[in-house]
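# Structural overview
Take a look at the letters that make up each chain.
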Amino acid sequence: MPSTVVMNGDRPVNDEKRRSWIEEAEGDLVVGEIEQAAHVQVEAHRHSRGQLLHARSGVALVKTVFGHWMVPTGQAIWIPPGIVHAVDMVTDVRMQSVYVLPEAISDLPDRPRVVGVTPLMHSLLEEVAPLPHVAQPTGRNGLIYKLILHEIPRLPELPLGLPFPADARLARMCRAFLDAPASRVTIDDWARDAGMSRRTFTRRFKQEAGVSLSLWRQQASLFAALPRLVSGEPVTGVAYDLGYDSVAAFTTMFKRMLGSSPRNYLKLPEREGGA
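These numbers come from a predicted model, not from an experiment.

## Regarding the packing of helix 7 (residues 213-230) against helix 9 (residues 247-258)
- Running from amino to carboxyl end, helix 7 crosses helix 9 at an angle of 100°, the nearest separation of the two axes being 10 Å. Judged on the interaxial angle alone, helix 9 and helix 7 are roughly perpendicular. Where helix 7 approaches helix 9, its residues Leu215, Gln218, Gln219, Ser221, Leu222, Ala225, Leu226 and Leu229 are matched on the opposing element by Phe250, Met253, Phe254, Arg256, Met257 and Leu258.
- Of the residues belonging to the contact of helix 7 with helix 9, the class tally is 10 nonpolar, 3 polar and 1 charged.

Structure, rendered in structure tokens:
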């Protein structure tokens, strides 16, 4: 898939021109689309506007110093203004972005978060995608823009963020786990490797990462599983590779985190041993 960027239905532009145009454009909202091939990496950058990045198809990984966020098909990530972030394309990706002036509306989230795209927001994004950019749209188009603004703070947060501890030693352990996730690694194993008692490690990790190690590992397992499932790998192989004793145990974790089974969440076809 070639790299293609389109701003509000206009002709394709390159990445550098797109960012410049976003910064200089007038109006509360700027909308654009981008298509990128798998494994393409967008270098670290930031915007003066907040960004709602919607994965219309494919899976993207957004990286910041605060952690990583996985954005699967149909979901979005909110990136507050000024946050330096890079984007890795896990698969071929088609993304739509809404860039929002910070003063456009109150109660915009103040930290990165993956959010569910509600049916209403999905319809609004479909409507606004082909529209040419207008600084102050009126009539029906103006109402669509205003409703998008009001809906962004209401989008439900999803557990697809993976915060990193500030402590360099703990952060290294987290990155090592991401490279080779395994459900059988215990808190005692982590505490021993960190040179801490179980109680001290548990307290320190939650202080540093904002979540318990148990929840962090479940989220890390999702990070490892989602790209493989999206690419078509059977649930059975993914579950066993991640160290789960059964597909049922993996599916239970997946449903607890995302509210549905892997097949229903990603609309996977029936496969022997799937879940």
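## Quick word on the sheet that holds strand 8 (residues 85-89)
- In space, the 5 strands of this open sheet follow the order 3-8-5-6-12, with antiparallel pairing throughout. The outermost strands of the open sheet, each flanked by one partner alone, are strand 3 (41-45) and strand 12 (161-163). Between one strand axis and the next, the sheet turns through 15° on average, direction left out of account.
- Relative to strand 8, strand 3 is paired through 3 bridges, and the arrangement is antiparallel. Residue pairing across strands places His45 opposite His85, the latter belonging to strand 8.
- The strands that helix 7 touches are strand 5 (60-64), strand 6 (67-71) and strand 12; relative to strand 12, the one it contacts most, it runs at about 130°.

## Description of the environment of Thr186
- Its location among the elements puts Thr186 in the loop between helix 4 (168-179) and helix 5 (187-194).
- For Thr186, a relative accessible area of 35% gives the class partly exposed.

About the cut-offs
Residues numbered from 1 in each chain as written. Predicted model: local features only at pLDDT ≥ 70, side-chain atom pairs only at ≥ 80, totals over all residues. Heavy atoms only, no water. Axes fitted to C-alpha atoms, helices over the stretch in contact; angles between N-to-C directions. Helix = DSSP H or I, 4+ residues; strand = E, 2+ residues; numbered from the N terminus. Parallel < 35°, antiparallel > 145°, perpendicular 65-115°, else oblique. Contact = heavy atoms within 4.5 Å. Nonpolar A, V, L, I, M, F, W, Y, C, P; charged D, E, K, R; others polar. Pairing = 2+ DSSP bridges. Buried < 20%, exposed > 50% of the residue type's maximum accessible area, 1.4 Å probe, protein only.

Function cannot be inferred from these measures alone, as they are strictly geometric.
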